[in-house]
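A closer look at the structure
Now for the letters of each chain:
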Amino acid sequence: MKEGFKLPDKIFGLEKSLLTLFLPPLVLILIFFISLNFILIPRINEIRNVNKKINEINSKTDKVNEQIKYLNSVDSEELQKNADYLDNAVLKNKEFYLLVGIIRGVASKFNYQIESFSLAPGELKDDEVKSKTSLGNMVKMPINLSLDGPKDKKLELISALERTLPILFIDRFETSTSGDIARLNLTVSSYYIGDEINIDTSNVALSDLILSNEESALLEKISSFTKIEENQSNIGTTEFKQYQRENPFSL
């Protein structure tokens, strides 16, 4: 008859009775560490992540409330007027006839007429055509024009062109006269936004809404410019017609 297995009186130098006394606590400690690694710690991390997201939402909410408070303190009519000026400071797209129509509208106020015009992109260097900004590519669109009108009004016309929206730049200015009639040969350019604008408004700070001194000065200057309403709405859909007229400057 075989005898059952018996534990030795000592295990690792410890009495058998002492070992059996500490065995249940050791089992409980082992279960605790297993639970800690697989249950408690993941739960603690989840709670930390939730608290972090709550803090981020609260922070964004505070920023939005500050922005709302600031916008409510601003005159909405003044804000809309400034936005309209900035919106009209550049062309919406590459609208050649619209730019010609704007210049025609200014010229007609001083009894000047456009005799000829043409698009002239080749006269500018490549690094002058596009200007990188935070909004994308601002593309310069120059046109050559010949205008005839009263000699004593030519400087007023040039001054008016330089104070018109969209903002116009006179790159070339040549003049000749025949009696009381002056012919102006100009290269006039304006800018349009070449690429689609993608503005991330999710990270707009309160400081982005408040105009700096330089921005306020620029806006004040633009607000003194003249916007040609009639040409903005009508030119561009009109078919171009070329008329043959006698040239008073030809021999």
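One can find the structure itself at the top, above this paragraph.
The numbering scheme is per chain: residues are counted from 1 as the chain's sequence reads. With pLDDT at 70 or above as the cut-off, local features in this predicted model cover only qualifying residues; side-chain atom pairs require 80 or more to be listed or tallied, and sums for whole chains, interfaces and linings still use all residues. Only hydrogens and water are removed before side-chain values are computed, so all heavy atoms of the structure are retained for them.

Moving on to the environment of Asn88. With respect to the helices, strands and loops of the structure, Asn88 is situated in the loop between helix 2 (76-87) and helix 3 (96-108). Classification of residues uses two cut-offs on accessible area relative to the type maximum, computed with a 1.4 Å probe and protein chains only: under 20% is buried, over 50% is exposed, and between them is partly exposed. The class for Asn88 is buried, based on a relative accessible area of 10%. Residues Asn88 and Ile228 lie 140 residues apart in sequence; the distance between their C-alpha atoms is 9.8 Å. Every helix listed is a DSSP run of H or I at least four residues long, and every strand listed is a run of E at least two residues long, numbered separately from the N terminus.

Extensive coverage of strand 8 (residues 181-193) is indicated by the burial of 10 of its 13 residues. Two strands are counted as paired when DSSP detects at least two bridges linking them. Taken together, the 9 bridges between strand 7 (residues 169-178) and strand 8 define a ladder with antiparallel strand orientation. By the bridge assignment, Thr177 is partnered in strand 8 with Ala182.

Relative orientation and spacing of two packed helices are given, respectively, by the angle between their axes and the distance between those axes. Interhelical geometry of helix 3 versus helix 5 (residues 154-161) gives an angle of 140° and a closest axis separation of 9 Å. Taken together, the axis directions place helix 3 and helix 5 in an arrangement best described as oblique. The two elements helix 3 and helix 5 meet at a crossing, and its hand is right-handed. Here helix 3 contributes Ile103, Val106 and Ala107 to the contact with helix 5, which in turn contributes Leu157, Ala160 and Leu161. Side-chain classes are defined by residue name, with Ala, Val, Leu, Ile, Met, Phe, Trp, Tyr, Cys and Pro counting as nonpolar, Asp, Glu, Lys and Arg as charged, and the others, Gly among them, as polar. Classifying every residue of the contact of helix 3 with helix 5 by side-chain character gives 6 nonpolar, no polar and no charged. Here the axes come from fitting lines to C-alpha atoms, over the contacting stretch only for helices, and the angles between their N-to-C directions go from 0 to 180 degrees. Every angle not falling under 35 degrees, over 145, or within 65 to 115 is termed oblique; those three ranges are roughly parallel, roughly antiparallel and roughly perpendicular. For any pair of crossing helices, the crossing counts as left-handed if the nearer helix is rotated counterclockwise from the farther one by less than a right angle, and right-handed if it is rotated clockwise. When checking whether two residues touch, look at their non-hydrogen atoms; a contact exists if any pair is within 4.5 Å.

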